[in-house]
Amino acid sequence: MIEKVFLVLGNTVSYSLPPMRTVSHVFGTKVVDYLLKFIISILITRTLGPSDKGVLTFAMLVVTWTVTFGNLSFFDANIYLLGSRKFSLSEAAMTSFVLSLVSGLLYALLLLAVVGFRLVHWPVGNPWVFFALLMTIPFNILANNSTSILQGLSWFKLYNLLTVTGSFVYLLAVVAARYLAQDRLAGIVAATVGSNIFVAAVMVFCLGRAANWKLRFSGRYLKEGLLFGLRGHVRVLLTQITVRFDQFVLGAMLEPIYLGWYSVAAGLSEGLLMLPDSVGMLLFPRVAAEPNTAAVLAARACRCTLLVTLAAAAALALCGKLLIGVLYGQRFLPATKPLYLLCGAIVFQSVSRVLRNYFYGVGRPQPSLWSTGSAGVVI
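Just so we're clear, the structure is a prediction, and the values are computed from it rather than from any experiment. (Residues numbered from 1 in each chain as written. Predicted model: local features only at pLDDT ≥ 70, side-chain atom pairs only at ≥ 80, totals over all residues. Heavy atoms only, no water.)

Draft legend 1. Layout of the overall build of the chain. Counting secondary structure elements, the chain contains 14 helices and zero strands. For the chain, the sequential pattern of α-helices and β-strands runs α-α-α-α-α-α-α-α-α-α-α-α-α-α. Taking all 379 residues of the chain together, 52% fall into the buried category. Long-range contacts, defined as pairs at least 24 residues apart, comprise 85% of the intrachain contacts of the chain with a sequence gap of at least 6. A total of about 17,200 Å² of accessible surface is found on the chain, and carbon and sulfur atoms cover 68% of it. (Helix = DSSP H or I, 4+ residues; strand = E, 2+ residues; numbered from the N terminus. Buried < 20%, exposed > 50% of the residue type's maximum accessible area, 1.4 Å probe, protein only. Contact = heavy atoms within 4.5 Å. Areas by Shrake-Rupley, 256 points an atom, 1.4 Å probe, with all protein chains shown as cover.)

Draft legend 2. The arrangement of the packing of helix α4 (residues 89–116) against helix α6 (residues 136–152) in detail. Where α4 contacts α6, the axes come no closer than 7 Å and their chain directions differ by 155 degrees. The angle between α4 and α6 places the two elements in the roughly antiparallel class. α6 is crossed by α4, and the crossing has right-handed handedness. Residues Leu89, Ala92, Ala93, Ser96, Phe97, Ser100, Leu101, Ser103, Gly104, Leu105, Ala108 and Leu111 of α4 form the contact with α6, whose participating residues are Ile137, Pro138, Ile141, Leu142, Asn145, Ser146 and Ile149. Its residues assigned to classes, the contact of α4 with α6 shows 13 nonpolar, six polar and no charged. (Axes fitted to C-alpha atoms, helices over the stretch in contact; angles between N-to-C directions. Parallel < 35°, antiparallel > 145°, perpendicular 65-115°, else oblique. Left-handed = near helix turned anticlockwise from the far one by under 90°. Nonpolar A, V, L, I, M, F, W, Y, C, P; charged D, E, K, R; others polar.)

Draft legend 3. Quick look at the packing of aromatic side chains. Taken as a whole, this structure holds nine aromatic pairs when the rule is applied. When the centroid spacing of 6.3 Å and the interplanar angle of 85 degrees are considered together, the rings of Phe38 and Tyr328 count as edge-to-face. A residue pair is termed long-range when its members are at least 10 positions apart, and Phe38 in helix α2 (residues 20–70) and Tyr328 in the loop between α12 (294–327) and α13 (336–361) qualify at 290 residues. For the pair Phe38 and Tyr328, one class covers both residues: buried. Judged by centre distance (4.5 Å) and plane angle (5 degrees), the rings of Tyr80 and Phe228 are stacked. In this pair, Tyr80 is assigned in helix α3 (residues 74–83) and Phe228 in helix α9 (residues 219–253), connecting sequence segments 148 residues apart. A residue is classified by how much of its surface remains accessible, and Tyr80, at 17% relative accessible area, is buried. Connected via pairs of aromatic rings, a cluster forms that spans Tyr34, Phe38, Tyr328 and Phe332. (Phe/Tyr/Trp six-rings, centres within 6.5 Å; stacked < 30°, edge-to-face > 60°.)

Draft legend 4. Empty space enclosed by the protein, seen in detail. Tallied over the entire structure, the rule returns two cavities of 30 Å³ or more. The computed volume of the largest cavity comes to approximately 50 Å³. In terms of lining, the largest cavity is formed by Leu162, Thr165, Gly166, Phe198, Val199, Val202 and Met203. Going through the elements one at a time, α7 (156–180) and α8 (184–210) are the ones with two or more residues in the lining of the largest cavity. Partitioning the lining of the largest cavity into residue classes produces five nonpolar, two polar and no charged. (1 Å grid on protein atoms, 1.4 Å probe; cavity = no way out; pocket = protein on both sides within 12 Å on 5 of 7 lines; lining within 4 Å. Points joined across faces, edges and corners; volume = space filled by probe spheres on them.)

Draft legend 5. How the structure looks around α6. Its 17 residues give α6 an end-to-end C-alpha distance of 24 Å, which sits within 8% of 24 Å, the value for a rise of 1.5 Å per residue. Within α6, 15 of the 17 residues are buried, which leaves the element mostly enclosed by the surrounding structure. Residue Ser154 follows α6 closely and has a positive phi angle near 60 degrees. (Expected span 1.5 Å × (residues − 1).)

Draft legend 6. Focus on the packing of α3 against α4. Two elements in contact, α3 and α4, have axes separated by 12 Å at closest approach and are oriented at 175 degrees. Here α3 is positioned roughly antiparallel relative to α4, judged by the angle of their axes. In this structure, α3 uses Phe74, Asn78 and Leu82 to contact α4, whose residues at the interface are Ala92, Thr95, Ser96 and Leu99.

Draft legend 7. Unusual backbone geometry, seen in detail. Of note in the backbone geometry, Arg85 takes a positive phi value of approximately 60 degrees without being a glycine. As for its placement among the helices and strands, Arg85 is situated in the loop between α3 and α4.

Draft legend 8. Up close: the pattern of salt bridges. Throughout the structure, instances matching the rule amount to three salt bridges. The partner of Glu91 in a salt bridge is Arg216, and the shortest N-O contact between them spans 2.6 Å. One end of the pair, Glu91, is in helix α4; the other, Arg216, is in the loop between α8 and α9, and 125 residues separate them in sequence. For Arg216, a relative accessible area of 47% gives the class partly exposed. One salt bridge in this structure joins Arg220 and Glu224, with 3.6 Å as the shortest N-O distance. (Salt bridge = Lys/Arg side-chain N within 4 Å of Asp/Glu carboxyl O.)

Draft legend 9. Fine view of the nonpolar core. Grouped together as the largest cluster of nonpolar side chains are 69 residues, with contacts concentrated most on Ile44, Leu56, Val129, Leu133, Ile137, Val174 and Leu268. With 16 residues, the top contributor of residues to this core is α2. Residues within four places of Leu268 in sequence aside, it is in contact with Tyr34, Phe38, Leu316, Ile324, Tyr328 and Leu339. Counting residues in hydrophobic clusters, the runner-up holds 30 residues, among them Tyr80, Leu81, Ile149 and Ala211. (Core = buried A, V, L, I, M, F, W, Y, C linked by side-chain atoms within 4.5 Å.)

Draft legend 10. How the structure looks around the confidence of the model for the chain. Predicted confidence across the chain gives a mean pLDDT of 81, with 84% of residues reaching 70 or more. Considering each helix and strand of the chain separately, the mean pLDDT is smallest for helix α1 (residues 2–9), with a value of 40, and largest for α8, with 93. Here residues 1–18 scores under 50 on pLDDT; set against residues more than four positions off or in separate chains, the count is 38 contacts. (pLDDT = per-residue confidence, 0-100.)

Below, the structure is given as structure tokens:
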């Protein structure tokens, strides 16, 4: 179905998007991965209830912001540098490994000191949840940068396999925590930490084997990667503000139960971004490799993505209350109203995600910074 929509809307020009089979496979992987994470979300939500769900959500939100900041947008740099075939896999892999672990450990230790010495007030739940999740920061950064290497090389089959495998392992860990752990919150946290370590380890093994373990740290790759990444890093941070600031405010100012409700609505609405993320992921390295056709490819991708996302958002808004009641239980019905508003916002986000990858692919992250900065000012 997705393939047909792209072909119908894109047949007015002679240029082509990445092969439709590749688009379908990546989108199919996104769907499977989302379904697995959707099941995980349901299990966690029903296991913890609104209050503990709010505690876990806030802790993971802080960790996510740290990972995003500590990564220094090296994720985007990997895709650009490898997509333009400027460096080898051995240089990209080893440099990314070193940067990920060093920066991840530094940020984890910094946050541990800040909260441990009570330099800031931890507004939601028990601090031990936060301390345990700090362990995931280096591994999250490592997994993200490894994933970007796969995208830059257009190794989407391996990307698809590793993505689904990681979510499936997380699902098994959550099921075990739900039915075996005496303290269910502690069990869910342990499952989260363990699955993150597993994914990072598998990523490193696959990339190392692909390079025949001939890994070489490159100061030049590090320099160019940081220069490219930092040019758009402010935009990435502003994106986190525009996308996650609402949840951070709820967690910091209100009782955990409110964030527990809102996180359910946010999780459902974010599923609508599977197609924009799939198209953008494929568009980035393609644009970097073929800049002459970049504008045409981006225009076609935006038209197709907007149409499909709009239809999906309308369907979710109509069925949202029923879905929340059936899947999460009556305790989470207050999440219905926020879901209606978020469905509308996601439609506009779908286009911006495709355009962001276009601007990054042509080596111009600045326009994305301006647009995201404007949104951040409004927030």
